[in-house]
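Listed below, chain by chain, are the residues.
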Amino acid sequence: MEVNNQNNEVKISVILPTNGYFLSSVRDFTKTLAQNMTGFSEKWAYRFQSVVDELASNAIEHGCRPGDEIKITFLAKKDESLVILVEDPGHGDQKFTAQQLNDMYNQKIKTFATQQFMGIRGRGLAQIVHPWSDEISFEDTETGGIRVKVVKYLKKQENSLEQSVNVSSERQ
Amino acid sequence: MTEVQIIIEDLQSQNTSVVAKIVKIVGQLDESNVDDKSQEIYKLIESIQPGQKLNVAFDFSGLEYMNSKSIGYLTDWYSKITGSGGKICISGAKDNITDILQVVGITQIITCYASLEEAKTYIIS
């Protein structure tokens, strides 16, 4: 774990083995960080738990083989924003490029906007990460993996009113 | 594997063709356990005999976390149970669980009650 304190900004990186057992620990850590280092409400801390959990689960499933590691990085700016980056090594059997993942993500958002999805899998990015973030981007890494970056800005009014769904204002 | 416990309890129904159950989920449903644990619900659904209907109240008062896949299983159970003429509802969900169920639209298709008593009333009829 790496911690840098500079200009009211905290950067923490977590290296996680590809074992679902550790996801609950990362969720606990995410909630603690969001509550103590960002200014977001408890409701948003729980939401960030889900965002991180979904991104990490996808990275493990699609970008890893047994024994690999994923990297989760939090950039917390007190009373301003929380940035979450999740990076896989690109060793999965069902490997996607950043462009493919971006296309699938946008297609699912369009589909789910008009119909109730009744499938078991495929909700995470489009139905959970999308409404609970302001920006999301996908990037190919040097090792052939994917880095997903999610940004959520702290909006005072939204935080205090505890609105249930945030409508994204910017997409990449 | 993250800890989760599923407790299935019988409930006496007013209708003899209705099999009423309370399914209490305690702990966290995530990628490490949901595929295994979901099988307990599928076994319950498959145990219903022809001519019977299964009514289920999911008691989420002890559920602390659910991921997208567990929500997917919930919608699949909804489809299977209501497709066979049964009923399904949720009771006692904590705020963070209700929040995620709302954001994915599940609260539009599955009735959520604040108390287990209301849920029991719904499924025994």
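Residues numbered from 1 in each chain as written. Chains lettered and ligands numbered in written order. Predicted model: local features only at pLDDT ≥ 70, side-chain atom pairs only at ≥ 80, totals over all residues. Heavy atoms only, no water.

Visitor: Sorry if this is basic, but what is going on with the overall build of chain A here?
Guide: Check the secondary structure of chain A and you find 5 helices and 6 strands. Scanning chain A from its N terminus toward the C terminus, one meets helices and strands in the order β-β-α-α-β-β-α-α-β-β-α. Scored against the burial criterion, the 172 residues of chain A give a buried share of 49%. Across chain A, the fraction of contacts at a sequence separation of at least 24, relative to all contacts at a separation of at least 6, is 65%. Accessible surface, chain A: about 8400 Å² in total, of which carbon and sulfur atoms supply 47%. (Helix = DSSP H or I, 4+ residues; strand = E, 2+ residues; numbered from the N terminus. Buried < 20%, exposed > 50% of the residue type's maximum accessible area, 1.4 Å probe, protein only. Contact = heavy atoms within 4.5 Å. Areas by Shrake-Rupley, 256 points an atom, 1.4 Å probe, with all protein chains shown as cover.)

Visitor: What's the story with the side chain of Lys152(A) in this structure? I'm lost.
Guide: All names here are of chain A. Relative to the elements of secondary structure, lysine 152 occurs in strand 6 (residues 146-153). Classification of lysine 152 as buried rests on a relative accessible area of 0%. At a separation of 3.4 Å, a polar atom in the side chain of lysine 152 contacts the side chain of aspartate 134. (Polar contact = N/O pair within 3.5 Å; in protein donor to acceptor, adjacent residues only side chain to side chain.)

Visitor: Sorry, what's going on with the pairing of strand 5 (residues 135-140) of chain A here?
Guide: In summary, the side chains of a regular strand alternate between the two faces of the sheet. Residue and element names in this part refer to chain A. Direction of pairing for strand 5 relative to strand 6: antiparallel, over a ladder of 6 bridges. In the sheet register, phenylalanine 138 faces strand 6, and the bridge partner there is valine 148. Counting the residues between successive antiparallel strands, the hairpin from strand 5 to strand 6 contains 5 residues, one of them, glycine 144, with a positive phi of roughly 95 degrees. (Pairing = 2+ DSSP bridges.)

Visitor: How do you make sense of the interface of chain A and chain B when you look at a structure like this?
Guide: Interfaces are often sized by the accessible area lost when the parts come together. Listed per partner, the contact involves 26 residues of chain A and 28 residues of chain B. Interface of chain A and chain B: buried area, both sides summed, is about 2100 Å²; carbon and sulfur atoms make up 57% of it. Residue Asp99(B) pairs with Arg47(A) through a salt bridge whose shortest N-O separation is 2.6 Å. At the boundary of chain A with chain B, the tally comes to 6 residue pairs in polar contact (both at pLDDT 80 or more). (Buried area = accessible area lost by both parts, 1.4 Å probe. Salt bridge = Lys/Arg side-chain N within 4 Å of Asp/Glu carboxyl O.)

Visitor: Looking at this structure, how should I read the pairing of strand 6 of chain A?
Guide: All names here are of chain A. The buried count for strand 6 comes to 6 of 8 residues, which makes it a mostly enclosed element. Pairing of strand 4 (residues 81-87) with strand 6, which is carried by 7 bridges, proceeds in the antiparallel orientation. Its bridge partner being in strand 6, valine 86 is matched across the sheet by valine 148.

Visitor: Honestly, unusual backbone geometry in this entry has me stumped. Any pointers?
Guide: For residues other than glycine, phi is negative in most cases, and the peptide bonds are mostly trans. Positive phi values are uncommon outside glycine, yet Asp79(A) reaches one of about 65 degrees. Classification of Asp79(A) by relative accessible area gives partly exposed; the value is 38%.

Visitor: Which parts of the structure should I look at to understand the packing of aromatic side chains?
Guide: For any two aromatic rings, the description comes down to two numbers: the centre-to-centre distance and the angle of the planes. What the rule picks out here adds up to 12 aromatic pairs over all chains. Seen from their ring centres, Tyr42(B) and Trp77(B) are 6.1 Å apart, and the 70 degrees between their planes marks the pair as edge-to-face. Separated by 35 residues along the polypeptide, Tyr42(B) in helix 1 (residues 34-46) and Trp77(B) in helix 2 (residues 68-83) bring together distant segments of the chain. A relative accessible area of 4% means that Trp77(B) is categorised as buried. Measuring from centroid to centroid gives 5.7 Å for Tyr113(B) and Tyr122(B), while their planes differ by 50 degrees, and the two rings are tilted. Linked through ring pairs, Tyr42(B), Phe58(B), Phe60(B), Tyr73(B) and Trp77(B) together constitute an aromatic cluster. Of note, Arg27(A) hangs over the ring of Tyr65(B), and the distance from its end group to the ring centre comes to 4.1 Å. Across from the ring centre of Tyr122(B), 4.5 Å away, lies the NZ or CZ of Lys87(B), which sits over that ring. (Phe/Tyr/Trp six-rings, centres within 6.5 Å; stacked < 30°, edge-to-face > 60°. Lys NZ or Arg CZ within 6 Å of the ring centre and 35° of its normal.)

Visitor: Is there a simple way to think about the nonpolar core in this case?
Guide: Burial of nonpolar side chains together is a common tendency in soluble globular proteins. Ranked by size, the top nonpolar core spans 74 residues in total, and within it Phe58(B), Phe60(B), Met66(B) and Leu74(B) carry the most contacts. Per-element tally for this core: the top contributor is helix 2 (residues 42-63) of chain A, with 9 residues. Those residues within four positions of Leu74(B) in sequence are excluded, and the remaining contacts are Phe58(B), Phe60(B), Met66(B), Ile88(B), Ile90(B), Leu101(B), Ile106(B) and Ile110(B). Counting residues in each nonpolar core, the second largest holds 9 residues, with Ala20(B), Cys89(B), Ala119(B) and Ile124(B) among its members. (Core = buried A, V, L, I, M, F, W, Y, C linked by side-chain atoms within 4.5 Å.)

Visitor: I would appreciate a short explanation of the confidence of the model for chain A in the present structure.
Guide: Detailed conclusions should not be drawn from predicted coordinates in areas where pLDDT is low. Put simply, chain A has an average pLDDT of 87, and 87% of its residues get 70 or more. Long-range and interchain partners of residues 163-172 of chain A, a stretch whose pLDDT sits below 50, account for 34 contacts in this model, where long-range means more than four residues apart. (pLDDT = per-residue confidence, 0-100.)

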